Amino acid sequence: MILFFLSSGLFLGWSLGANDAANVFGTAVGTKMVRFKTAALIASIFIVLGAVLEGSGATKILGELGAVDALPGAFAVAFAAAFTVTMMTRLRLTVSTSQAIVGAIIGWNIFSGNPTDLTSLTKIVLTWVLNPVIAALFAMVLYWIIKFIMDNARIHLLTMDALTRLGLIVVGAFGAYSLGANNIANVMGVFVPSSPFHEFTVGNLVTITSVQQLFLIGGLAISLGVFTYSYKVMKTVGRDLFRLSPVTAFIVVLSHSLVLYLFASQGLRDWLLTHNLPALPLVPVSSSQAIVGGILGIAIAKGGRNIQWNILARIFSGWVTTPVIAGLISFIFLFFVQNVFDQHVYHETVHVFPDPVIERLEDEGIDEVYLGIFAGSEFGNVRRLNRLMNELGIRDEEERALIRYYSGMKEIEISQIILRQLDRSLFTPSQLQTLNALKGMTFQFEWQLYEALSNMSEEWQYREEIEENLEYNQELRKRYDFLISEFAVKIQ
Amino acid sequence: MAVGLKISRVIENQIDEFLDLVSESGLIFKKAVDNYLKESQDEFESRLGRVIDYERKADELRTGVEKELYLRTLIPENRGDVLAILENTDNVIDTMKHTLQLFEIEKPDIPSKFDVLFNEVTDVSIQSVEWLVRSVRAFFKDIKSVNDHIHKVGFYEQETDDIAVKLKSMIFSDEELDLSRKIHLRYFAAGIESISDCAESVTDRLAIYTIKRMI
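Quick caveat: nothing in here was measured; it's all calculated off a predicted structure. (Residues numbered from 1 in each chain as written. Chains lettered and ligands numbered in written order. Predicted model: local features only at pLDDT ≥ 70, side-chain atom pairs only at ≥ 80, totals over all residues.)

Asks: Residue-level account of the overall build of chain A, with values.
Replies: Each helix and strand counted, chain A has 20 helices and 6 strands in total. Relative to the globule expectation of 23 Å for 492 residues, the C-alpha radius of gyration of chain A, 24 Å, shows essentially globular dimensions. Taken along the three principal axes of its C-alpha coordinates, chain A extends 80 × 45 × 45 Å. Of all 492 residues assigned to chain A, the portion counted as buried reaches 47%. At a minimum sequence separation of 6, the contacts of chain A that also span at least 24 residues come to 84%. (Helix = DSSP H or I, 4+ residues; strand = E, 2+ residues; numbered from the N terminus. Rg over C-alpha atoms; globule rule 2.2 N^0.38 Å. Buried ≥ 20, exposed ≤ 12 C-beta atoms within 10 Å, placed from the backbone. Contact = placed C-beta atoms within 7 Å.)

And the structure:
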């Protein structure tokens, strides 16, 4: 059953592999600089590596946009995205998996009554614009550098050919790694909140998280797409769509890969931040649009001739049409899965307002008038709570999020059995000691667990939100998320 | 990678060797014409033999390079252009060999008053071959200089034409020669002139291929 639900994500992965591997190796294979088998093998290995090692960075924002918390819901969302991508590809329309999945998640948000986090959505949409722009800038700079080298280094045409072949393989591997790291979020991101896997450790050395297992399967699905279908697409890319010379292909693929990596790597982002350099949000972006951006950059660097404005217009229209279509399809699929197949496509969170919740909200500065109305009430799901907040005129998204967070019930039990099985290597001795002290206790809200732990140990407290603490807080947040997912009482 | 670079080096050396043969054949051609005009038959024949030998070697090298480029799918984007350049450059040696063979077979009787112009037209025509070789080398290694060299080939081709016109006019205005001899001599002047035409036709293509090679 689990595999059945994952199948839509695997389908999406397959179609991503079939289409986007061509962005990385299309020209190299199309111009016969690299053999397809070599390209497919390198692409597969590096896509899986990128997905497993650095795939989680760009996944977070999709979770923030809408945490699809039930497996059948995730199935419908991924299927809607895959369906949109396949349908639009068949109609020869420009389509991006990233944009399809975002639309599909928003469709789930609307269907389940969960709010769409506008901050995340704005960030995501901004990156859609930034992606081709940054790729174009990278391509321009790389073009000038490589042109300078080629004009002055007097490299023989045949040596250049050998170097270009090597370059295409190296940037292809990097491109595949970046593609895996950035786009696995599209394929498996929606399954993360409802991941059916459990963390395990191999020989006390390597811990493989449930998310990494998900990403491994997703990465393998992408690889399957590369081996089974990308040859045709590579031939088309190499010959018809963008006729690039091997050297310009090298520049375009490198720009594309750098952009995808910038938008995917947590490590690179942290490094940039600690060195006071501008960092980009980690968001899944369109590989094809990064390629088009790179080509555009070269066209501009060459003096701005031969720019294909119709392709640009198609990209702009894709930013709107793809998410809207995917959102609609997602909504319809969710309706079918819920009503025809009788599956829960989302978990209903009950929101209650006992005194402790009211006190916390008061501390957070929520207007007492509102709190008087909320006090003692209970809402069967988030939609009802949202409705009341609308009626009361609470429009500030931050206030609404606080009210939802503090009132959202989540039963947590620090059970002895789970405590014993817990991977101890993830925590500090002090953290473990505090956790053990809570043995047998139950909590009704996530924030109660936080309060209990942070009151007992400094190592469970978030630090002030300044730059040098960002990484620490992020790690701590991961520990909390892990605890909550492990100790949450599973409703049968 | 190392293997790829090694193969590239081997082919690069073969191309260089091929171009050396073209260049040397030009210099030998010049000497051979001078030998013929000075009636040094033995030296002429020895030089003709060397040009024939160089032409054969150049053919072998060219076909070897072509085979390697195809078999190993090297320079896929420029392969057709490179093969066309090599084949057309090979035509220049062929023309030189052919012209010298005609000297050997037909043994034109050239009055000594035409020696200076015959030597001059040969010298300038071979200069165009020299600059052709430089253009082709630059096409492979120094793309920025190709057009400068191509310009020189054009210049020497024009010079050759001018001197050839002068030579032909002198031949046909000579009252001591009968028409058949005039036509025979003109034929040899045109043969020497055709070498620079051949060189120029290679550079015409080269100019286009150079634009294609610019990234």
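Don't stop here, the text continues.
Asks: Could you give an account of the overall build of chain B, with specific residues and numbers?
Replies: Counting secondary structure elements, chain B contains 6 helices and 0 strands. Start at the N end of chain B and walk to the C end: the helices and strands fall as α-α-α-α-α-α. For 215 residues, the compact-globule formula gives about 17 Å, and the C-alpha radius of gyration of chain B, at 19 Å, lands near that figure. Projected onto its principal axes, the C-alpha coordinates of chain B cover approximately 70 × 35 × 20 Å. Buried positions account for 40% of the 215 residues belonging to chain B.

Asks: Outline the packing of helix H2 (residues 36–54) of chain A against helix H7 (residues 157–188) of chain A, supporting the account with residue identities and numerical values.
Replies: A pair of packed helices is characterised by two quantities: the angle between their axes and the separation of those axes. Residue and element names in this part refer to chain A. Remark: H2 packs on H7, axes separated minimally by 7 Å, with the N-to-C direction vectors making an angle of 40°. Taken together, the axes of H2 and H7 are oblique relative to one another. Crossing of H2 against H7: the hand is right-handed. Each of Ala39, Ile42, Ala43, Phe46, Ile47, Val48, Leu49, Gly50, Ala51 and Glu54 in H2 lies in contact with H7, whose residues at this interface are Ile169, Gly172, Ala173, Ala176, Tyr177, Ser178, Leu179, Gly180, Ala181 and Ile184. (Axes fitted to C-alpha atoms, helices over the stretch in contact; angles between N-to-C directions. Parallel < 35°, antiparallel > 145°, perpendicular 65-115°, else oblique. Left-handed = near helix turned anticlockwise from the far one by under 90°.)

Asks: Account for the interface of chain B and chain A, with residues named and values stated.
Replies: Facing 17 residues of chain B, the contacting portion of chain A comprises 20 residues. Only helix H1 (2–37) and helix H4 (115–141) of chain B provide two or more residues apiece to the side of chain B that touches chain A. At 5 residues, H1(B) tops the list of elements feeding residues into the side of chain B that touches chain A. Counted by class, the side of chain B that touches chain A contains 8 nonpolar, 4 polar and 5 charged residues. (Nonpolar A, V, L, I, M, F, W, Y, C, P; charged D, E, K, R; others polar.)

Asks: Describe the nonpolar core, listing the residues and the values that go with them.
Replies: Nonpolar side chains in soluble globular proteins tend to be buried together. Ranked by internal contacts, the top residues of the largest apolar core, which has 123 residues, are A:Ala43, A:Val77, A:Ala81 and A:Ile105. Ranked by residue count, the leading element in this core is helix H1 (residues 2–30) of chain A, at 14 residues. Other than its neighbours up to four places away in sequence, A:Ala81 contacts A:Leu12, A:Thr97, A:Ala100, A:Ile101, A:Ala104 and A:Ala326. Within the second largest apolar cluster, 64 residues are counted, among which are B:Ile11, B:Tyr36, B:Leu167 and B:Ala189. (Core = buried A, V, L, I, M, F, W, Y, C linked by C-beta atoms within 7 Å.)

Asks: Just give me the short version of the domain arrangement of chain A, but keep the residues and values in it.
Replies: Residues and elements named next belong to chain A. The domain architecture assigned to chain A consists of domain 1 (2–339), domain 2 (351–407) and domain 3 (412–487). Just the C-alpha atoms count here: the centres of domain 1 and domain 2 sit 39 Å apart. Taken together, the 4 residues of domain 1 in the interface contact 6 residues of domain 2. Tallied by class, residues from the side of domain 1 that touches domain 2 come to 2 nonpolar, 2 polar and no charged. (Domains from an automatic or database assignment.)

Asks: Quick one: what's the story with helix H6 (residues 118–152) of chain A, residue by residue and with numbers?
Replies: Residues and elements named next belong to chain A. With 35 residues, H6 ought to run about 51 Å at 1.5 Å a step, and its terminal C-alpha atoms sit 50 Å apart, in line with that. Its maximal kink placed at Leu130, H6 deviates by approximately 30°, while the proline Pro132 follows within four residues. Remark: Arg154 follows H6 within two positions and exhibits a positive phi of approximately 50°. (Expected span 1.5 Å × (residues − 1). Bend = angle between axes of the 7 residues up to and from the residue.)

Asks: An account of unusual backbone geometry is requested, with residue identities and associated values reported.
Replies: In terms of backbone geometry, most residues other than glycine have negative phi values and most peptide bonds are trans. All names here are of chain B. Even without being a glycine, Glu39 presents a positive backbone phi close to 60°. Counting through the fold element by element, Glu39 comes out in the loop between H1 and helix H2 (41–71). What makes Glu39 exposed here is the crowd of 10 C-beta atoms within 10 Å. The backbone of Ile75 sits at a positive phi, close to 30°, despite the residue not being glycine. Note that Ile75 resides in the loop between H2 and helix H3 (79–106). Here Ile75 falls in the buried class, since 23 other C-beta atoms lie within 10 Å of it.

Asks: How would you explain the environment of A:Ser245 if you had to name every residue and give the values?
Replies: As for its placement among the helices and strands, A:Ser245 is situated in the loop between helix H8 (210–241) and helix H9 (246–262). Along the primary structure A:Ser245 and A:Thr27 are separated by 218 residues, whereas in three dimensions their C-alpha atoms are 7.7 Å apart.

Asks: Tell me about the packing of helix H4 (residues 71–90) of chain A against helix H12 (residues 309–339) of chain A, and name the residues and values.
Replies: Residues and elements named next belong to chain A. At a minimum axis separation of 8 Å, H4 and H12 run at an interaxial angle of 135°. Here H4 lies oblique to H12, going by the angle between them. The handedness of the crossing between H4 and H12 comes out as right-handed. On H12, the residues that touch Pro72, Gly73, Phe75, Ala76, Val77, Phe79, Ala80, Ala81, Phe83, Thr84 and Met88 of H4 are Thr322, Ile325, Ala326, Ile329, Ser330, Phe333, Leu334 and Val337.

Asks: Tell me about the environment of B:Val146, residues and numbers included.
Replies: Residues and elements named next belong to chain B. Tracing the backbone through its elements, the reader meets Val146 in helix H5 (residues 146–173). Sequence separation between Val146 and Thr210 is 64 residues; the distance between their C-alpha atoms is 7.5 Å. The contact partners of Val146, leaving out residues within four places of it in the chain, are Ser135, Ala138, Phe139, Leu206 and Thr210.

Asks: Which residues make up the confidence of the model for chain B, and what are the values?
Replies: Per-residue confidence for chain B gives a mean pLDDT of 93, with 99% of residues at or over 70. Predicted complex, confidence summary: ipTM 0.87, pTM 0.78. (pLDDT = per-residue confidence, 0-100.)

Asks: Go over the environment of B:Leu167 with me, naming the residues and quoting the values.
Replies: All names here are of chain B. Its place among the elements puts Leu167 in helix H5. The class for Leu167 is buried, based on 23 C-beta atoms found within 10 Å. Each C-alpha atom, one on Leu167 and one on Lys31, is 19 Å from the other, the two residues being 136 residues apart in sequence. Look past the residues within four positions of Leu167 in its chain and what remains in contact with it is Phe114, Leu117, Phe118, Val121 and Ala189.

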